[in-house]
Amino acid sequence: MSEHPQRPRILLVDDDGAVREHLARALSDEFVIDTANDGVDALRTLLRIRPDVIATDVVMPVLDGIEFLKTLRGTPSMRLIPVLLISGKAAENLRVEGFEQGADGYLPKPYTERELRARLRSMIQIARERAEASRLAALEQAQQEAIAERAALLESITDPFYALDRELRFTYINKRALDYYARPPEQLLGKKLFDLYPQSRGSVFETNYLRALRQHQPVDFEAVSPISKLWLEVHVYPTERGLAINFRDITARKEVERALFESEAARDASEQRQRVAARRDAVRVLLADTLRLLRDLPAIGAAATQILGEYLNASRVLFLDFSEESERARVQGSHVVLDSRLADAYRLDDFGPLGSEAARLGTTQAVDSVAPAVEPHQLETCRLDDGALVLAPVMQGGRMAAAVWVQHLSPRQWTPEEIALIEEFAERTWIALEQARHQAEMLSTNRRKDEFLATLAHELRNPLAPLRSAAHLLKQPQLSEEQLRYSREVIDRQTNHMVRLVDDLLDVTRINLGQVHLHDELISLNTLIADSVESAQPALDEGHHTLEIQTPEHAVWLQGDATRLVQVIQNLLSNAAKYTPPGGHIQLSATVADSEVSIRVRDDGLGIASEAQGRIFELFTRVDPRGSVKVAGLGIGLAIARRLVELHNGRIDVSSEGAGKGSEFTVVLPTVTGAEEPTIATPDKPAPTVEGRHVLIVDDNRDAAEALALLLKLEGFATLVAFDGQTALEAVERSPPDVVLLDIGMPIMDGYEVARRIRAIPAGADIVLVALTGWGQAKDRQQAFAAGFDEHLTKPADPDKLGRILNETHRRSGNGDAR
Ligand code: ADP
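Residues numbered from 1 in each chain as written. Predicted model: local features only at pLDDT ≥ 70, side-chain atom pairs only at ≥ 80, totals over all residues. Heavy atoms only, no water.

Chemist: I keep staring at the packing of aromatic side chains and nothing clicks. Help me out?
Modeler: What the rule picks out here adds up to 14 aromatic pairs. Considering the side-chain rings of Tyr 181 and Tyr 197, the 5.2 Å spacing of their centres and the 35 degrees angle between planes classify their relative orientation as tilted. Linking Tyr 181 in helix H7 (residues 175-181) with Tyr 197 in the loop between helix H9 (193-196) and helix H10 (204-215), this pair joins segments that are 16 residues apart in sequence. Between Phe 617 and Phe 665, the ring centres sit 6.1 Å apart and the planes meet at 75 degrees, which makes this aromatic pair edge-to-face. Of the two residues, Phe 617 is situated in the loop between helix H18 (610-613) and helix H19 (637-647) and Phe 665 in strand E23 (residues 663-672); the sequence distance between them amounts to 48 residues. By relative accessible area, Phe 665 is classed as buried at 7%. (Phe/Tyr/Trp six-rings, centres within 6.5 Å; stacked < 30°, edge-to-face > 60°. Helix = DSSP H or I, 4+ residues; strand = E, 2+ residues; numbered from the N terminus. Buried < 20%, exposed > 50% of the residue type's maximum accessible area, 1.4 Å probe, protein only.)

Printed below as a string of structure tokens:
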């Protein structure tokens, strides 16, 4: 019997084989019939097949229908198979028991085939319904299990997760999300997200949720949550009922990203800074290298402004030199793009408020934009105060000595580094200019020095000629009184002249070394003027000039070194005499005003060209008056005069209307008020009471020693001469003199040593030791006094001073002034 899949399968259990056969045959058109002859046989069959319905006889020999039914109902896999009990001698109790045991139908015997068919059909219907129900139950269970599983899964996901319905009400929220919202689920579920968290309204969160809903497309985004202020990575999935959303806290990542970004930005910025700094360094080096090679003022300014202008891409760079005037600047260099008009000089006002501020504050003034910025076509007419501007001053002694002007015709932001660079340029260029000036000055000083040496040689040779002829004259065997007097006078005048020259030179050295020591005494103006005139008288007489003197009526007092001030006025008078043609008029006047006396020396002589007036007080400066004969002079008198006047807190000035128009020199000195005329102790020259005074003269220059000995002998001294130290010491031991005039610079044993040894012998203690030397500086004097000398005289010794010393041999004086 072939199985037909469409036909329901019936297991027919009956111990009557004839019945089984009959039924199987009769029903096979509609059902697939399997048969078993008792309960045990049926169970065995059920291991093989699964019938839709079982129809079983109740009364059977081995396992009756009721027992069989019990077994079926106790077996899960067969419990649902509908069972139709069939019984012939059906007692009512069997029927009840059958139903109690779970029978699904009962058919009493005898039954017609039609009856059986109908019952089987209804049994099959039950079986179908039962299978469907069971399938549904299983399905439902599976579904429930799946949902539970999914929920468990969602709970187990670490990311926060929640679901919203279409109204954006919470329908689900997992634990992690609850943590995030920090509220219990009952406060969230069923509530609208944006009602609970109004701060999220209008945020990207709302926009993206609505978009996902509207377009039914997932949306991913990253944003800072307005609720938690954390960075979130959000994934929004549209679902049937609304949205499923899961999100993740990415704040840490964002921070790392930001830090990374910032460090990259910082690195980029620092690289950029390094590049800019390298360029700046390069331009600095370029400037330094360029300036080092330049000596010429215009070239320095031009190079510096060009380098700076190109580096800054500036429209105009000017180097302004205010060293001559504060208000007016000479343009020492300019870098100008597209603008050819440029003045040689500018006034401070031309630079607007920047100019006055820079000068007042001494600091750089910078403006990023002065409206209106200039249009390119206006370049030709642009002013100094258009665009972006910098004015960097170079301050010196509290005033603006120079400045760099940078102009950019369109607005521009100046960086602090650029400003610093401009300032550095200003400073470096200024230094280079100053050095170039200084060098030019040094060159001219050197030139003046060379000229000076030539003049000096000439000046020294001048007196030598008359001296030589005088000496020659003196050699003549027969000399007239006249010749003798003449020779004496020549020698006297010329040596005086030479002594003055050498004194002046020594003065210059002392002044340069700051070694001028001034007396501090009260000086009467009248005495000062009288002494000066007296000293200058020979020069005035020589030029046959007339001198007019005007002094105040009342006594005027000054404080200082009379000798030095006489030297100053005498120098002015001598110059007036010297630089005025014979028969000139010279005026000497003194006027007092405001605790100052102005002493003027005016002549109607050669005058001084205005360009030379500033220079004549400089050392070695001589102005050769045009067209006139060369006049003797070393060009140091006025330099000394100025220094001496300054040391007296005064000032000296010249004015002349020009060559040929005479000159006027003015010395202004502070006066002393309320001073009494001091009783000036003019020491009477002591009468020469020198008889019997012994003088030992020691000098390796025989001529000098003997000439001096001769001179002193004439004055009445007893003299002895020694030409070296050893002989001198022997002479002193033999017969100690009152005074020893001792030369310092001697070979073998110098004057210091001789002095020390004289002081070492008993008789030497009281002897007056006088050093005679060509070295007159302070340290030489100190050294002499340390060696035991009482006096220090520079050669050639002033006869008056020597006389005074020799006349005071009765007492050993202290460290007197030997000048
Ligand atoms: P010097 O020894 O050459 O006179 P000074 O220093 O005294 O040196 O003077 C410097 C220069 O100043 C002189 O060489 C001369 O050219 C100028 N000078 C000084 N006094 C007068 C004057 N009264 N008139 C014209 N020129 C003068």
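Chemist: I keep staring at unusual backbone geometry and nothing clicks. Help me out?
Modeler: Excluding glycine, a negative phi dihedral is what most residues carry, and trans is how most peptide bonds are arranged. In this structure, the amide linkage connecting Lys 109 to the following residue, Pro 110, adopts the cis form with an omega of -10 degrees. The backbone phi angle of His 216 is positive, close to 55 degrees, even though this residue is not glycine. Within the fold, His 216 resides in the loop between H10 and strand E8 (219-224). Even without being a glycine, His 544 presents a positive backbone phi close to 55 degrees. Inspection of the secondary structure puts His 544 in the loop between helix H16 (525-542) and strand E18 (546-550).

Chemist: Explanation requested: the sheet that holds strand E2 (residues 32-36) in the structure shown.
Modeler: By way of backbone hydrogen bonds, the strands of a sheet pair with one another, either parallel or antiparallel. The 5 strands lie next to each other as E2-E1-E3-E4-E5, forming an open sheet whose pairing is parallel. Looking at strand neighbours, the two that pair on one side only are E2 and strand E5 (105-108), the edges of this open sheet. Taking each pair of neighbouring strands and ignoring which way they run, the sheet shows an average axis angle of 20 degrees. Pairing between strand E1 (residues 9-13) and E2: 5 bridges, direction parallel. By the bridge assignment, Leu 12 is partnered in E2 with Thr 35. Sheet contacts for helix H3 (residues 65-74): E1, strand E3 (53-57) and strand E4 (83-87); angle to E4, the most-contacted strand, approximately 170 degrees. (Pairing = 2+ DSSP bridges. Axes fitted to C-alpha atoms, helices over the stretch in contact; angles between N-to-C directions. Contact = heavy atoms within 4.5 Å.)

Chemist: Where do I start with the site of the ligand in this structure?
Modeler: In the vicinity of the ligand lie 20 residues, with Asn 575, Tyr 579, Asp 603, Val 623 and Leu 638 positioned nearest. Contact between the ligand and Gly 635: an oxygen atom at 3.2 Å from a main-chain N or O atom of the residue. Leu 638 is positioned with one of its backbone polar atoms (N or O) 2.7 Å from an oxygen atom of the ligand. Here the ligand, which alone exposes 530 Å², has 97% of that area covered by the protein. Of all elements in the fold, only helix H17 (562-578), H19 and E23 reach the threshold of two or more residues within the shell around the ligand. If you tally residues by element for the shell around the ligand, the top one is H17, at 4 residues. (Near = heavy atom within 4 Å. Polar contact = N/O pair within 3.5 Å; in protein donor to acceptor, adjacent residues only side chain to side chain. Areas by Shrake-Rupley, 256 points an atom, 1.4 Å probe, with all protein chains shown as cover.)

Chemist: I keep staring at empty space enclosed by the protein and nothing clicks. Help me out?
Modeler: It is the rolling of a water-molecule-sized probe over the atoms that shows where space remains empty. This model, assessed by the stated rule, comprises 2 cavities of 30 Å³ or more. Residue lining of the largest cavity: 15 residues in total, with Tyr 162, Tyr 181, Phe 205, Tyr 209 and Ile 227 positioned closest to the centre. The set of elements that each furnish at least two residues to the lining of the largest cavity consists of H7, H9, H10, strand E9 (231-238) and strand E10 (242-249). Classifying every residue of the lining of the largest cavity gives 13 nonpolar, 2 polar and no charged. By volume, the second largest cavity amounts to about 30 Å³. Along its surface, the second largest cavity is lined by Leu 12, Val 13, Asp 14, Leu 23, Thr 56, Asp 57, Ile 86 and Tyr 111. Every element with two or more residues in the lining of the second largest cavity is listed here: E1 and E3. Class assignment of the residues belonging to the lining of the second largest cavity gives a composition of 5 nonpolar, 1 polar and 2 charged. (1 Å grid on protein atoms, 1.4 Å probe; cavity = no way out; pocket = protein on both sides within 12 Å on 5 of 7 lines; lining within 4 Å. Points joined across faces, edges and corners; volume = space filled by probe spheres on them. Nonpolar A, V, L, I, M, F, W, Y, C, P; charged D, E, K, R; others polar.)

Chemist: Help me understand the sheet that holds strand E7 (residues 170-173) in this model?
Modeler: Read across the sheet, 5 strands follow the order E7-E6-E10-E9-E8 without closing on themselves; strand pairing throughout is antiparallel. Each having just a single partner strand, E7 and E8 make up the two edges of the open sheet. Shown here is a sheet whose adjacent strand axes are inclined to one another by a mean of 20 degrees, direction ignored. Pairing geometry for E9 and E10, over 7 bridges, is antiparallel. Bridge pairing in E10 links Val 234 to Phe 247. Across the sheet, H10 lies against strand E6 (161-165), E8, E9 and E10, angled at about 170 degrees from E8, the strand it touches most. Packed onto the sheet, helix H11 (residues 251-293) meets E8, E9 and E10 and runs at close to 125 degrees relative to E9.

Chemist: Would you take a moment to explain H10 for this structure?
Modeler: A turn of α-helix holds 3.6 residues, and therefore any two residues three or four places apart point the same way. For H10, with 12 residues, the first-to-last C-alpha span of 16 Å sits near the 16 Å given by 1.5 Å per residue. Against the buried residues of H10 lie E6, H9, E8, E9 and E10. Once H10 ends, the next one or two residues include His 216, with phi positive near 55 degrees. (Expected span 1.5 Å × (residues − 1).)

Chemist: Looking at this model, I keep getting lost on the side chain of Asn 571. Mind explaining?
Modeler: With respect to the helices, strands and loops of the structure, Asn 571 is situated in helix H17. Judged by its relative accessible area of 18%, Asn 571 falls in the buried class. Excluding anything up to four places from it in sequence, Asn 571 contacts Gly 637 and Leu 638.

Chemist: What is the right way to look at helix H2 (residues 39-48) in this model?
Modeler: Listed in full, the buried residues belonging to H2 are Gly 39, Asp 41, Ala 42, Thr 45 and Leu 46. Looking straight down H2, one finds that the buried residues subtend no more than 155 degrees of arc, so they occupy a single side. Of the exposed residues in H2, the ones pointing more than 90 degrees away from its buried face are Arg 44, Leu 47 and Arg 48. Among the structural elements, E1, E2, E3, H3 and helix H4 (76-79) are those in contact with the buried residues of H2. One side-chain oxygen at the N-terminal end of H2 lies 3.0 Å from the backbone nitrogen of Val 40; it belongs to Asp 38. (Arc of directions from axis to C-beta.)

Chemist: Is there a simple way to explain the packing of helix H22 (residues 751-760) against helix H23 (residues 778-787) in this structure?
Modeler: Working note: a packed helix pair is described by the angle between its axes plus the distance between those axes. Here H22 crosses H23 at 25 degrees, and the two axes come no closer than 8 Å. Between H22 and H23, the angle is such that the two are roughly parallel. Across the interface between the two elements, Tyr 752, Ala 755, Arg 756 and Arg 759 of H22 pack against Asp 780, Gln 783, Ala 784 and Ala 787 of H23. Here the contact of H22 with H23 is composed, by residue class, of 4 nonpolar, 1 polar and 3 charged. (Parallel < 35°, antiparallel > 145°, perpendicular 65-115°, else oblique.)

Chemist: Would you mind going over the pattern of salt bridges with me for this structure?
Modeler: In this structure the tally under the stated criterion is 39 salt bridges. Between Glu 233 and Arg 253 there is a salt bridge, with the nearest N and O atoms lying 3.4 Å from each other. Placement of Glu 233 in strand E9 and of Arg 253 in helix H11 is noted, with a sequence separation of 20 residues between them. Classification of Glu 233 as buried rests on a relative accessible area of 13%. Salt-bridge contacts for Asp 321 lead to Arg 437; the nearest nitrogen and oxygen are separated by 2.3 Å. Taken together, the residues span a long stretch of sequence, with Asp 321 in strand E11 (residues 316-321) and Arg 437 in helix H14 (residues 416-475) at a distance of 116 residues. Looking at Asp 321, the relative accessible area reads 3%, which means it is buried. Through salt bridges with shared partners, a single network forms among Asp 29, Glu 30, Glu 113, Arg 117 and Arg 121. (Salt bridge = Lys/Arg side-chain N within 4 Å of Asp/Glu carboxyl O.)

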